[in-house]
Structure formats: C-alpha cells, structure tokens
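# Overview (structure and organization)
The lines below spell out each chain.
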Amino acid sequence: MARVARTVRIVLGPALALTTLRGALHSPARVALGRREWLRVRRSALAIERVLASGKTVYGVNTGFGLLAQAQIPSAELELLQRNLVLSHAAGTGPLLADAIVRLVLVLKIASLAQGYSGVRPATIRSLQRLLETETYPCIPAKGSVGASGDLAPLAHLAAALIGVGQVRMHGRVMSADKALQRIGLKPLRLAAKEGLALLNGTQVSTALALAGLFAIENVFAAALVAGAMSVDALKGSDVPFDDRLHVLRRQDGQRRVAASLRALLAGSHIRASHLDCDRVQDPYSLRCQPQVMGACLDLIRSVSVTLQREANAVTDNPLVFARERQVLSGGNFHAEPVALAADQLALAIAEIGSMSERRLALLIDPKMSGLPPFLVHKSGVNSGFMVPQVTAAALVSENKMLAHPASVDSIPTSANQEDHVSMATHGARRLLEMSDNAATVIGIELLAAAQGLEFHRPMRSARRLERAVRLVRSQVAPYGADRFFAPDIELAKKLVVSGQMRALLDDELFET
C-alpha cells in the first residue's frame, strides 16, 4: 500500500523558512493567512478601487502593458483587459513542470500576494489556496520565460487555470481547468483591475526551480563528502591535509567546515592506522584538496540559500500598491537577476562537485594509483568491472560543464525593446535539476567503487561513519564479484544519493548560514 504524503501546513508570518519550502516541494501543502495578512490584502484591493474612482491613469490598473502602457483603458473594459492579458501571455511551450514545482510556485505566489502590496482581492488568494489544498496543479509548460517582467508565460498558464482556461493535473490526471474548478467548488475567477498583472508578474517560477535545485544539490554535496572520505580511505590516502591548523590560515569558512567533516568521517579508521608510516609523500588533488574545492562550493551553496530565501519572501510583481500612502508605484522588482546569478553559482558548484568525484573514481580503478585490483574486480580481463561506469561518469561530468555556462550573461531584448535587458533566470534555474541528477549519478558510481575498494582491505575496517556508509550502499547494491548488468546498480546508487540519507553521517550545522 502506497504511503500517503503528510500535508505541510504553512501559516504565513515574518518569513518562510527554507525547511518549510523544502517540505512544500516534497509534500502536499496548505497555506493559511492570519488576520493581519487578510487586513493588508483588503486595504490593498481597496486602494485600487480608490484609484479607479479618482479617474487617475495608473500603469497596470487602467492602462495597457509594456510598450502599450500609454493606452488608457475605459472602466467598462478593465475586466476584459485583465482576461486578455492572461490569455495572450499564456504562450509557454515544452514539457510541463512537475507537480512539485507547481505546488511550490503556488506557495510562493500566495505568500507574495498576501503581503498586501499587489492590489488583489481576498477572493483571488482564496482561489489559489483552494488549488493548493485540493492538489489541483495548473499545467505549466517549462519553457518560454526570460525571467524579466517576471515569469510571464508560465505564470499566465497558472492564472489561466483560475479563469477556467487551459488544463490542470489532479492526482496525476490531466483535465480541463473549467471541469477541475467545478469539481473543487470554484467558479472561474472574474479578474478585477490589476489582478491579472499581479498574477503574471513575479519571479515565483524561477525561484521555485532554483529552490528545487538548491535542495537537490545539498543532498548531492553531502553524498559527495561521504564518497570522498570513503575514497581517501580506500586509496590509503592521508588525513593530514585535513588538519584544522592548515585551514584556519586560509580564513575560508566553508573550507574549514569541509575539513572538519572529513576528519570526523575518517576518525578511527583501522585502514588509516595501517599506513601511518608509509613512504607516500602526497596524494592527488582530488583527495587532499577536497576542503579547498568542496569548501568553496559549500560557501556558494550557503550564500545562494540566503538569496533564494529572501526571494521566496519577496514581493516581485509590478506596480506595487502602498495603501497607507495611497500610492501605486511602478518599478522593476519582477527582474529575476538575483535568481539568475544564484542559479549560475549553483551550476558552477554542482559541476565542480561532480568533477572532483569523477577524478577520485578514476584513481580507484587505476591499479597504478590505487594498489587495488584493476577496475576493482577480480579476474580483470574476463571481467571489465568499473571500466565503463567511469566512462559514464566522465560523460556526465562533461555534460555538466556545458550546462554550467552562465545563463545570466545571455540577455536578449523583448517586447519591442521595452524589456531590453532580461535575466534568463528561468532556464538558468531549470537546468539545475538535470545537473544535479547527473552529479548524483557520478557520485553514486563513486560510492559503489569506494565501497568496493574498502572491502578489498578486509578484514581491516574503515572509520565508524564510513562503515555505516558502506552498509547503506550494500543495503541497495551487492558487492561486484563478477561482471553483471551494471545499469540497475548505478540507478540504485543514484537514488541513495538523491534520498539524502548520507546527510545523517554529517554534522547538522554543515549548511547553516
């Protein structure tokens, strides 16, 4: 019988925490607003009504959009204006975003609108809440946003579902939006002034994709640290390069944290004790420079987590309504440059994490470097062992190098040059899950190889934590005694990496900012 995921209940307050957002990505979610939030929303909607009653011309309220901002729209056509905005901008293409991503987008959009600066009515937010709590996820094509003026196309597909247009997924089943609304007790929303624009503007899709990438990369990073320590011991490497006295002098916090993690992972290893007086002078960089490389990656991950948490709690539509001052100000909070740069940094980090892992794997299978059987298998020749898994790892590492090219530097003007610099945050963030999956596969292969290498040293035992890691690997994949169909082993090892189970072997504060 399938296990039912527990619903994450979110009560909006000062700020959404990353742990809350991680929960909303992986489980059904509900978002509740407090009295203060509802009051702000009502005041903001009332401010828009006052603007209309005054007869003033205000961008996004009673004008056209983009290059058409100079066109004033009569009151009788304001509802049509908002509906047309949604329909015309729902121009996405490509495969649909996963339900988990759409769920996180809904959470972020509700959290943004609930701050009371967007001019939407309570009924509009309640409609979004109803989609979320009934697990009715709009079908949003993944491609078509340049990450400025917000994620216009993907968010238009979300808004289209609210007005009964397009398709949604309910528990994996695709159906028309109008039929789904009827099923969950909603009527198609009739958009009031500015509401379509408030729904379309914003960085919620880019941010949700980047957060999903961040959470995946944290698990990959943790597994890579464990795999790296296992490889050090399997290769009879030295733990001297992890001495804290070295890393204090570098003054890089991530480097020092990684070195401490490696010391803890290797503590008490009988294998290490067996070669304390060996004549090897230095280990290759992929072993001894792990604190420097992985530490730099950790610093990037921690820095990006701060940026993305801020963005998750931000108000990013336009224009914004300041009800107390009775002003509506037009700016550019929809520009997703912070997300684009954050995604580029994560891409660089994940490429490096996978690259280091593949280099350690190459050492493990090379008998000249490892002192272990060629390709980590007995009777090599008749058995090829880990020969081609290393080729697979090399291919994935090179693919990630290509995907790591910065997206943020590739602006292209849109909307008749009104939007003349854009962030490209959306696809910059979207690639992170593919890159993370590639790196998880590489590290999964290293885990298999390092476990095999450690077992060649039996009856000597590795460190307590690393023996736990070997048991985790062996709970999924048997030792490689002779050639067999390798692909299922790799897939199981990758799933172990993705699951985040290796994080239990590390100290909790590793990712704390």
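Right above here is the structure, for reference.
What comes next concerns the included structure. These numbers were taken from a predicted model, which means no experiment stands behind them.

What counts, and at which threshold
- Residues numbered from 1 in each chain as written.
- Predicted model: local features only at pLDDT ≥ 70, side-chain atom pairs only at ≥ 80, totals over all residues.
- Heavy atoms only, no water.
- Patch = residues over 30% accessible without salt bridge, like charges linked within 9 Å, V, L, I, M, F, W, Y side chains within 5 Å.
- Areas by Shrake-Rupley, 256 points an atom, 1.4 Å probe, with all protein chains shown as cover.
- Salt bridge = Lys/Arg side-chain N within 4 Å of Asp/Glu carboxyl O.
- Lys, Arg positive; Asp, Glu negative; His and termini not counted.
- Charge placed at Lys NZ, Arg CZ, Asp CG, Glu CD.
- Helix = DSSP H or I, 4+ residues; strand = E, 2+ residues; numbered from the N terminus.
- Axes fitted to C-alpha atoms, helices over the stretch in contact; angles between N-to-C directions.
- Parallel < 35°, antiparallel > 145°, perpendicular 65-115°, else oblique.
- Contact = heavy atoms within 4.5 Å.
- Nonpolar A, V, L, I, M, F, W, Y, C, P; charged D, E, K, R; others polar.
- Phe/Tyr/Trp six-rings, centres within 6.5 Å; stacked < 30°, edge-to-face > 60°.
- Buried < 20%, exposed > 50% of the residue type's maximum accessible area, 1.4 Å probe, protein only.
- Lys NZ or Arg CZ within 6 Å of the ring centre and 35° of its normal.
- Pairing = 2+ DSSP bridges.
- Core = buried A, V, L, I, M, F, W, Y, C linked by side-chain atoms within 4.5 Å.
- Polar contact = N/O pair within 3.5 Å; in protein donor to acceptor, adjacent residues only side chain to side chain.
- Left-handed = near helix turned anticlockwise from the far one by under 90°.
- Expected span 1.5 Å × (residues − 1).
- Arc of directions from axis to C-beta.

For the rest of this paragraph, the subject is a positive patch on the surface. A cluster of like positive charges, contributed by R36, R40, R43 and R324, occupies part of the molecular surface. Inspection of the secondary structure puts R43 in helix α2 (residues 35-54).

Our focus in this paragraph is the packing of α2 against helix α5 (residues 122-133). Two elements in contact, α2 and α5, have axes whose closest approach is 9 Å; the angle formed by their N-to-C orientations is 130°. What the angle tells us is that α2 and α5 run oblique. Residues W38, V41 and R42 of α2 lie in contact with α5, whose contacting residues are P122, I125, R126 and Q129. Of the residues contributing to the contact of α2 with α5, the split by class is four nonpolar, one polar and two charged.

Our focus in this paragraph is the packing of aromatic side chains. Following the criterion strictly, the structure yields five aromatic pairs and no others. Taken together, a centroid distance of 5.8 Å and an interplanar angle of 70° make the contact between F221 and F511 edge-to-face. Pair noted here: F221 is in helix α9 (residues 204-234) and F511 is in the segment after α20 (487-499), with a separation of 290 residues, a long-range link. This pair shows no difference in class: F221 is buried, exactly as F511 is. The interplanar angle of 20° and the centroid separation of 4.6 Å between the aromatic rings of Y480 and F486 together place this pair among those described as stacked. Grouped by ring-pair contacts, the aromatic residues F386, Y480 and F486 constitute a single cluster. For R126, the ring lying beneath its charged end belongs to W38, and the centroid distance is 4.6 Å.

Turning our attention to the pairing of strand β6 (residues 167-170). Here strand β4 (residues 136-138) runs beside β6; their pairing, made up of three bridges, is antiparallel. Bridge pairing in β6 links Y137 to R169. In this antiparallel pair of consecutive strands, β6 and strand β7 (residues 173-176), the connection spans two residues, and H171 shows a positive phi of 50°.

Ranked by size, the top nonpolar core spans 163 residues in total, and within it L211, F221, M230 and M502 carry the most contacts. With 21 residues, the top contributor of residues to this core is α9. In contact with F221, not counting residues within four places along its chain, are V258, M294, C297, L298, I301, I353, L510 and F511.

Attention now goes to the side chain of R169. Mapping R169 onto the fold places it in strand β6. Within the structure, R169 has its side chain in polar contact with the side chain of D99 (distance 2.8 Å). The residues touching R169, leaving out its near neighbours within four places in the chain, are L96, L97, A98, D99, E135, T136, Y137, C139 and V174.

In this section: the packing of helix α18 (residues 425-455) against helix α19 (residues 464-474). At a minimum axis separation of 10 Å, α18 and α19 run at an interaxial angle of 120°. Of the two possible hands of crossing, α18 and α19 adopt the one that is left-handed. Across the interface between the two elements, L447, L448, A451, Q452, L454 and E455 from α18 touch V470, V473 and R474 from α19. Residue composition of the contact of α18 with α19, grouped by class: six nonpolar, one polar and two charged.

This part takes up helix α3 (residues 78-89). Along its 12 residues, α3 runs 17 Å from first to last C-alpha, staying within 8% of the 16 Å computed at 1.5 Å per residue. When we look at burial in α3, the residues that qualify are L78, L81, Q82, L85 and V86. Around the axis of α3, the buried residues are gathered within 130° of arc, so they sit on the same side. Here the buried face of α3 lies against α2, α6 (152-162) and α8 (195-200).

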